[in-house]
Amino acid sequence: MTELEPIRRSLVSMASSSAGAMVAQAQADATATLAAAAQAAARIIDTARAEGRRAAESRGLNQLVVAERAARSAVLEAQDAVEAEARARALEAALSFRDDPNYSRLLDTLEANARRRLGGSATIDRDPPEVGGIRARLARRSLDYTLPALVEQMLQTALVERQGSPAMAAIPAKTTT
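As the structure is a computational prediction, the values presented were derived from the model and not from experiment.

Procedures and definitions
- Residues numbered from 1 in each chain as written.
- Predicted model: local features only at pLDDT ≥ 70, side-chain atom pairs only at ≥ 80, totals over all residues.
- Heavy atoms only, no water.
- Helix = DSSP H or I, 4+ residues; strand = E, 2+ residues; numbered from the N terminus.
- Expected span 1.5 Å × (residues − 1).
- Buried < 20%, exposed > 50% of the residue type's maximum accessible area, 1.4 Å probe, protein only.
- Pairing = 2+ DSSP bridges.
- Axes fitted to C-alpha atoms, helices over the stretch in contact; angles between N-to-C directions.
- Parallel < 35°, antiparallel > 145°, perpendicular 65-115°, else oblique.
- Left-handed = near helix turned anticlockwise from the far one by under 90°.
- Contact = heavy atoms within 4.5 Å.
- Core = buried A, V, L, I, M, F, W, Y, C linked by side-chain atoms within 4.5 Å.
- Salt bridge = Lys/Arg side-chain N within 4 Å of Asp/Glu carboxyl O.

J.: Where do I start with helix 2 (residues 62-96) in this structure?
T.: An α-helix turns once per 3.6 residues; consequently, residues spaced three or four apart project the same way. Under the 1.5 Å per step criterion, the end-to-end length of helix 2 is 51 Å for 35 residues, consistent within 8% with the ideal 51 Å. Within helix 2 the residues assigned to the buried category are Leu64, Val65, Ala67, Glu68, Ala71, Val75, Ala78, Gln79, Val82, Ala86, Ala90 and Ala94.

J.: Can you walk me through the pairing of strand 2 (residues 134-138) in this structure?
T.: Note on strand geometry: in a regular strand, side chains alternate between the two faces of the sheet. Across four bridges, strand 1 (residues 123-126) lies against strand 2 in antiparallel orientation. If you follow arginine 126 over to strand 2, its bridge partner there is isoleucine 134. Of the strand pairs in this sheet, strand 2 and strand 3 (residues 141-145) are connected by five bridges, and their pairing is antiparallel. Within strand 3, the position partnered with isoleucine 134 by the bridge is tyrosine 145.

J.: Just checking my understanding: could you explain the packing of helix 2 against helix 4 (residues 147-162) for this structure?
T.: Helix packing geometry: the angle between the two helix axes and the distance between the axes. For the pair helix 2 and helix 4, interaxial distance at closest approach is 9 Å and the crossing angle is 140°. With respect to each other, helix 2 and helix 4 are oriented oblique. Read as a crossing pair, helix 2 and helix 4 show a hand that is right-handed. Residue-level contacts link Val82, Glu83, Ala86, Arg87, Ala90, Leu91, Ala94 and Leu95 of helix 2 to Leu147, Pro148, Val151, Glu152, Leu155, Gln156, Leu159 and Arg162 of helix 4.

J.: Would you take a moment to explain the side chain of glutamate 111 for this structure?
T.: Considering the arrangement of structural elements, one finds glutamate 111 in helix 3 (residues 103-118). If we ignore the near neighbours within four places in the chain, the residues touching glutamate 111 are Ile124, Arg126 and Ile134.

J.: Is there a simple way to think about the environment of alanine 37 in this case?
T.: Positionally, alanine 37 belongs in helix 1 (residues 5-59). For alanine 37, a relative accessible area of 13% translates into the label buried. Taking the C-alpha atoms as reference, alanine 37 lies 7.4 Å from alanine 74; in sequence the two are 37 residues apart. With near-sequence residues (within four places) excluded, alanine 37 lies in contact with Val75 and Ala78.

J.: Would you mind showing me how to read the nonpolar core here?
T.: Where a protein is soluble and globular, its nonpolar side chains tend to be buried together. Core analysis: the biggest nonpolar cluster contains 19 residues, and Leu110, Ala114, Ile124, Ile134, Ala136, Leu143 and Tyr145 have the highest contact counts within it. Of all the secondary structure elements, the ones that give two or more residues to this core are helix 2, helix 3, strand 2, strand 3 and helix 4. For this core, the element with the most residues is helix 3, which contributes six residues. In this view, tyrosine 145 contacts Leu110, Asn113, Ala114, Arg117, Gly133, Ile134 and Leu150; residues no more than four positions away in its chain are not counted.

J.: Just to check I follow, could you spell out the pattern of salt bridges for this structure?
T.: Between side chains of opposite charge, pairing is possible as soon as their charged atoms come close. Per the counting criterion, the structure on display carries nine salt bridges. Here aspartate 46 ties to arginine 49 by a salt bridge, and the two come within 4.0 Å at their closest N and O atoms. With aspartate 46 and arginine 49 both in helix 1 and three residues apart, this pair spans about one turn of that helix. In this structure, the salt-bridge partner of aspartate 108 is arginine 126, at a minimum N-O distance of 2.7 Å. In this pair, aspartate 108 sits in helix 3 while arginine 126 sits in strand 1, placing the two residues 18 residues apart along the sequence. For aspartate 108, a relative accessible area of 40% translates into the label partly exposed.

Structure follows, in structure tokens:
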């Protein structure tokens, strides 16, 4: 088993590099889209504030509140669209990895990890149609290392990390005047 350690480390490194590149691209796309959405939201809010001030005597601040809600809704919709696009791109890239000569080494690494975690007698479903990767089961315990599951895990990690990003801080907060 010791002689396989350099291969395992190499496979894990290659998989991590590939996954890291996909996540980095998705984060870059998300940051750019969120920055554009934040700028658009700020313009909408500025326009609404100006209109709200002019109409404040007859209509109160109701229009401003409505405009701010609309702007926030636009930002949230843009975030959802970015996440959906990142998810689709990452999944497409992961599934296309099935054609790569290194894919079988990734499966070997995933299988070894599953056997280490569940035990040598675990049942392994290797490269299931349409999802790739592996599924492992032993009694009531199971592991899902399919490509969509791995992509989802990476994206969730990236989204959690993004919560503190400068693009998120640029989204204007609701204010009243």
